[in-house]
Number of protein chains: 2
Amino acid sequence: MKTDSGTVDLGRFDFASGDEIENLEVAYETYGEFDGDNAVLICHALTGSQNVAGYGSETTGQARAWWNDIVGPGKAIDTNDYYVVCANVPGSCYGTTGPASEDPEGEVYGTDFPPVTVADWTRSQRLLLDELGVGRLHAVVGGSVGGMNALDWAKRYPDDARYVVSVAAAARLDAQCLALDAIARRAITTDPHWNGGEYYDRDEAPTDGLALARQIGHVMYLSKASMEGKFGRRAAGRDARRDSFPSDPAAAFFPYRDVESYLDYQAEKFVDRFDANSYLYLTRAMDDYDLAEGYEDDAQAVAAFEGEALLLSFTGDWHFTTEQSETLAAAFREAGAPVAHHVIESDHGHDAFLVEPEKVGPPLRDFLDSGVEGRAVHDTDADADSGPGGDFAPVHASLFSQ
Amino acid sequence: MKTDSGTVDLGRFDFASGDEIENLEVAYETYGEFDGDNAVLICHALTGSQNVAGYGSETTGQARAWWNDIVGPGKAIDTNDYYVVCANVPGSCYGTTGPASEDPEGEVYGTDFPPVTVADWTRSQRLLLDELGVGRLHAVVGGSVGGMNALDWAKRYPDDARYVVSVAAAARLDAQCLALDAIARRAITTDPHWNGGEYYDRDEAPTDGLALARQIGHVMYLSKASMEGKFGRRAAGRDARRDSFPSDPAAAFFPYRDVESYLDYQAEKFVDRFDANSYLYLTRAMDDYDLAEGYEDDAQAVAAFEGEALLLSFTGDWHFTTEQSETLAAAFREAGAPVAHHVIESDHGHDAFLVEPEKVGPPLRDFLDSGVEGRAVHDTDADADSGPGGDFAPVHASLFSQ
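Residues numbered from 1 in each chain as written. Chains lettered and ligands numbered in written order. Predicted model: local features only at pLDDT ≥ 70, side-chain atom pairs only at ≥ 80, totals over all residues. Heavy atoms only, no water.

1. Description of the sheet that holds strand β5 (residues 39-43) of chain B
Strands pair in a sheet through their backbones, by hydrogen bonds, and they do so in one of two ways: parallel or antiparallel.
All names here are of chain B.
Moving on, step 1. Read across the sheet, eight strands follow the order β1-β4-β8-β5-β9-β10-β11-β12 without closing on themselves; strand pairing throughout is mixed. Looking at the sheet topology across the chains shown, the edges are occupied by β1 (3-9) and β12 (339-344). Between one strand axis and the next, the sheet turns through 20° on average, direction left out of account.
Moving on, step 2. Here β5 runs beside strand β8 (residues 83-87); their pairing, made up of four bridges, is parallel. Within the sheet, the bridge partner assigned to L41 lies in β8 and is V85.
Moving on, step 3. Against the sheet, helix α2 (residues 145-156) makes contact with β5, β9 (137-143), β10 (161-167) and β11 (308-314), and its axis sits at roughly 145° relative to β9, the strand it touches most. (Pairing = 2+ DSSP bridges. Helix = DSSP H or I, 4+ residues; strand = E, 2+ residues; numbered from the N terminus. Axes fitted to C-alpha atoms, helices over the stretch in contact; angles between N-to-C directions. Contact = heavy atoms within 4.5 Å.)

This is the structure:
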């Protein structure tokens, strides 16, 4: 498979906030060969990277090859057929300009970096594709906040993509997720090592705060059922270290639990690969995103969209619920756009879009091939018509009727 | 109404951990008159106090008169009929000995205070009641971790209470709640002002960490639906202050949301009334509690219980779910104890036990009067028999079938 990775300097970039920077560099990767009509843009999730599959540049941890099960030769997004492009979003820390990057004077931006929105991500991707010679896309596909990014394409460039796929996403975050994201940011900014965002030339970064923020996020990505099944109340093995965070003497009387050990381990890995200011910037972009912004409602926002849309949601996802996807599907239907809302039964929570490729792959593959008529693509509307014998167990009905 | 409040010195107290202190003082309040057979012990929730109704000693904020809608003359727990006793638990900070108290040498205990468990709470209450001349209780009633405390009475003193009422509780916490509590504790212990728990003689207490811990807890007490209804994505009014937590310049571009303003305000109030070390100690006691501990299972743990049990649960509660209460009800049924699991339809999340007195009051009142045969007392088992026309909408069925 032909792959390419690099960084493109897009020059001066005007952010939606009204601020600008002199040079926006965008780090990207491509997989497969462009035939003029087969480009698929993939939008990464909050802490993801351009390294969607394990062939391109070196990135570490969970940002590396994050959708390797879905993207590659012979896989659901088949790089033998499609020219896959993935770019790191502005504000992130995997090569695209963000708070940890240097400004033209060689000073780290830090919190002088302009506020970033999903709209900025979308426009940076459009500019990158222009540089790569890609006009109309075959598809835009994204998961989680990357799914919001994909929806933003349908709104902002309604003629530019034949297919839009939004996986485990929504038109906007609800109050509960806004609250948890806000708490996570406070964990970072109250870490004294954050130091108002100026920590790049210091010995210590705000790793405790970033670790806490990640742990809050992690709980949001798992379902109650999956956590109970995976960890229950078990104590961690005696080899488990308990030194990630300070503790007090009384803690020693109680078990260090599997679930703590897991979260501590994951947080330790995370702080090595992600920048605390980027976490502030990107969660704010996610919180701020509202598909209806600038329009009367979601249906108006996608009224000009010329393509077809696939919404994949997961029954165990409480970060972006099946109910939210159903509301979004109704907006596409109202706008007259062909849409399928494909509900996947899963206990894996929000993480399902990463860890259940065998359920995500078939509808994705068939949608990219045949749109909403794709064989493995189900739709809640059609399923509802099929009556009680259809795909919809009562658990779905109750989710929708809450 | 006759009320009494004070502190009893129980002398040397041996904790379940094996540690002891020379003097355990227990702060308590009583409402109504004792007739030898009408004592109702009320167990407070995590950050509650002995001030269950607004008549006794002065406590502040949400710890004051926390169940005033339920307890009082003519109320569901009618102090004209019952002699109500409520005591602050060991490890807390409302007058009962805890980390913020002084040891016999006049030094603040801090983290030298012994680890505390729910079993210690139960035993301290038994000892207090002995001091007050109360033998067998008419009832033990508790909400949230106070509901665990009430269950512990059924297990530890199976002959000592005619009725046990556990509201919005469970036999044990699940992995998701354990995780969030663990993260909350890390927020406290990573606050440099925590200083290993030694902050009592310093200028600054770990208020940032305690505020974060409280905010995480607060999200756990509300339901997704109630947060969405109460706050949505609205921006806070322009008078809302934004100075509780440090922030960065880019934040100013984005709205300060209602939900943030609410959580910040609540956290500010909380840190004025609660001790950070107590929060560590009491959440650990909650996390550690397992009704089945020392027994084969929950049914064995309550096998010797001679009374009747009422379990109240709320459909929108994800801290302690209706499903967990149903599991607990099954254990009582297996043990042969008369039990009613009364499910209350509510969107208010875990908070419902405090904010829906009109739904909690009637079954509670009638249970205290007539046990499981009480008129307003429903039971899932009986309701299930009544078929689809009964109290059970599909949403309950799906909760149980998850």
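2. Overview of the sheet that holds strand β8 (residues 83-87) of chain A
Residue and element names in this part refer to chain A.
Moving on, step 1. If you trace the eight strands from one edge of the open sheet to the other, you get β1-β4-β8-β5-β9-β10-β11-β12, paired in mixed fashion. With partners counted over all chains shown, the strands left at the sheet margins are β1 (3-9) and β12 (339-344), one partner each. Neighbouring strand axes in the sheet, compared pairwise and without regard to direction, differ in orientation by 20° on average.
Moving on, step 2. Alignment of strand β4 (residues 25-31) against β8, held across four bridges, turns out to be antiparallel. In the strand pairing of β8, E29 is matched with C86.

3. Some thoughts on the interface of chain B and chain A
Moving on, step 1. At the junction of the two partners, chain B supplies 63 residues and chain A supplies 64 residues.
Moving on, step 2. Interface area for chain B against chain A, summed over the two sides, is near 5200 Å², with a carbon-plus-sulfur share of 67%.
Moving on, step 3. Inspection of the region where chain B meets chain A yields eight salt bridges.
Moving on, step 4. Notably, a salt bridge pairs D248(A) with R284(B), separated by 2.5 Å at the nearest N-O pair.
Moving on, step 5. Our count for the chain B to chain A interface comes out at 25 residue pairs in polar contact (both at pLDDT 80 or more).
Moving on, step 6. Broken down by secondary-structure element, the contributors of at least two residues to the side of chain B that touches chain A are α3 (175-189), α4 (207-221), α5 (224-230), α6 (258-273), α7 (276-288) and α13 (394-401) of chain B.
Moving on, step 7. The biggest single contributor to the side of chain B that touches chain A is α3(B), with 11 residues.
Moving on, step 8. The residue makeup of the side of chain B that touches chain A, split by class, is 36 nonpolar, 12 polar and 15 charged. (Buried area = accessible area lost by both parts, 1.4 Å probe. Salt bridge = Lys/Arg side-chain N within 4 Å of Asp/Glu carboxyl O. Polar contact = N/O pair within 3.5 Å; in protein donor to acceptor, adjacent residues only side chain to side chain. Nonpolar A, V, L, I, M, F, W, Y, C, P; charged D, E, K, R; others polar.)

4. Regarding the packing of aromatic side chains
Moving on, step 1. The full count for this structure, using the stated rule, is 35 aromatic pairs over all chains.
Moving on, step 2. Between Y199(B) and Y200(B), the ring centres sit 4.4 Å apart and the planes meet at 35°, which makes this aromatic pair tilted.
Moving on, step 3. For Y199(B), a relative accessible area of 5% translates into the label buried.
Moving on, step 4. A relative accessible area of 27% places Y200(B) in the partly exposed class.
Moving on, step 5. Three or more aromatic residues joined by ring pairs make a cluster, and in this case those are F13(A), F15(A), Y109(A), F113(A) and Y281(A). (Phe/Tyr/Trp six-rings, centres within 6.5 Å; stacked < 30°, edge-to-face > 60°. Buried < 20%, exposed > 50% of the residue type's maximum accessible area, 1.4 Å probe, protein only.)

5. Some words on the pairing of strand β9 (residues 137-143) of chain A
Residues and elements named next belong to chain A.
Moving on, step 1. Among the seven residues that make up β9, seven are buried, leaving the element largely enclosed by the rest of the structure.
Moving on, step 2. Bridging between strand β5 (residues 39-43) and β9 involves four bridges; their strand directions are parallel. Looking across to β9, one finds that I42 is bridged to V141.
Moving on, step 3. In this structure, β9 lies alongside strand β10 (residues 161-167), joined through six bridges in parallel fashion. Bridge assignment links L137 to a residue of β10, and that residue is A161.

6. Section: the pattern of salt bridges
All names here are of chain A.
Moving on, step 1. Enumeration according to the criterion identifies 36 salt bridges over all chains in this entry.
Moving on, step 2. For R162, the salt bridge identified is with D37, shortest N-O distance 3.0 Å. Of the two residues, R162 is situated in strand β10 and D37 in the loop between β4 and β5; the sequence distance between them amounts to 125 residues.
Moving on, step 3. By relative accessible area, R162 is classed as partly exposed at 22%.
Moving on, step 4. A residue is classified by how much of its surface remains accessible, and D37, at 40% relative accessible area, is partly exposed.
Moving on, step 5. The network of salt bridges with shared partners includes E326, R333, D379 and D381.

7. Focus: the environment of L368(B)
Residue and element names in this part refer to chain B.
Moving on, step 1. On the secondary structure map, L368 appears in helix α11 (residues 357-370).
Moving on, step 2. The class of L368 is buried, set by a relative accessible area of 1%.
Moving on, step 3. Residues L368 and Q300, 68 residues apart in the sequence, show an inter-C-alpha distance of 25 Å.
Moving on, step 4. Excluding residues within four positions of it along the chain, L368 makes contact with I77, Y82, H138, A139, V141, Y163 and V165.

8. Section: the confidence of the model for chain A
Moving on, step 1. Model confidence for chain A is summarised by a mean pLDDT of 92, while 92% of its residues fall at 70 or above.
Moving on, step 2. When the criterion is pLDDT under 50, residues 386-402 of chain A qualifies, and its contacts beyond four places in sequence or with other chains add up to 24 contacts. (pLDDT = per-residue confidence, 0-100.)

9. Describing helix α9 (residues 322-335) of chain A
All names here are of chain A.
Moving on, step 1. The terminal C-alpha atoms of α9, which comprises 14 residues, lie 20 Å apart, in line with the 20 Å expected from a rise of 1.5 Å per residue.
Moving on, step 2. Those residues of α9 lying buried are T322, Q324, S325, E326, L328, A329, A331 and F332.
Moving on, step 3. Looking one or two residues beyond α9, the residue adopting positive phi is G336, at roughly 80°. (Expected span 1.5 Å × (residues − 1).)

10. Comments concerning the domain arrangement of chain A
Residue and element names in this part refer to chain A.
Moving on, step 1. Along its sequence, chain A is organised into domain 1 (3-174 + 290-401) and domain 2 (177-285).
Moving on, step 2. Taking only C-alpha atoms, the centre of domain 1 and the centre of domain 2 are 26 Å apart.
Moving on, step 3. Across the domain 1/domain 2 interface, buried area totals approximately 2700 Å², and carbon plus sulfur atoms make up 61% of it.
Moving on, step 4. Counting every contact that joins domain 1 to domain 2 gives zero salt bridges.
Moving on, step 5. Taken together, the connections running from domain 1 to domain 2 amount to 13 residue pairs in polar contact (both at pLDDT 80 or more). (Domains from an automatic or database assignment.)

11. What about the packing of α3(B) against α4(B)?
All names here are of chain B.
Moving on, step 1. Here α3 crosses α4 at 160°, and the two axes come no closer than 7 Å. As far as their axial angle goes, α4 and α3 are roughly antiparallel. Considering only the axes of α3 and α4, their crossing is right-handed. Of the residues in α4, those touching α3 at C177, L180, D181, I183, A184, A187 and I188 are G209, L210, L212, A213, I216 and M220.
Moving on, step 2. Here the residues of the contact of α3 with α4 sort into 11 nonpolar, one polar and one charged. (Parallel < 35°, antiparallel > 145°, perpendicular 65-115°, else oblique. Left-handed = near helix turned anticlockwise from the far one by under 90°.)

12. Concerning the relation of the copies chain B and chain A
Moving on, step 1. If you rotate chain B by 180° and push it 0.0 Å along the axis, it lands on chain A with an RMSD of 0.0 Å. The superposition operator between the copies reduces to a two-fold rotation axis.
Moving on, step 2. By residue overlap, the copies meet face to face through one surface: 100% of the interface positions of chain B are interface positions in chain A. (Least-squares fit on C-alpha atoms with pLDDT ≥ 70 in both.)

13. Structural notes on the UniProt feature "binding site: substrate" (unreviewed entry) in chain A
Residue and element names in this part refer to chain A.
Moving on, step 1. Per the UniProt record, "binding site: substrate" (unreviewed entry) is found at R214 and D351. In summary, the annotated positions, though distributed over 138 residues, converge in three dimensions, the widest C-alpha pair being only 13.9 Å.
Moving on, step 2. Inspection of the secondary structure puts R214 in helix α4 (residues 207-221).
Moving on, step 3. Once you skip the residues sitting within four places of it in the chain, D351 turns out to touch Y221 and L222. (UniProt positions renumbered as here; feature names shortened; annotations may be inferred.)

14. Quick word on the environment of E198(B)
Residue and element names in this part refer to chain B.
Moving on, step 1. Relative to the assigned elements, E198 resides in the loop between α3 and α4.
Moving on, step 2. Owing to a relative accessible area of 36%, E198 belongs among the partly exposed residues under this scheme.
Moving on, step 3. Along the chain, E198 and Y256 lie 58 residues apart, while their C-alpha atoms are 34 Å from each other.
Moving on, step 4. Those residues in contact with E198 that sit more than four places away from it in its chain are G110 and T111.

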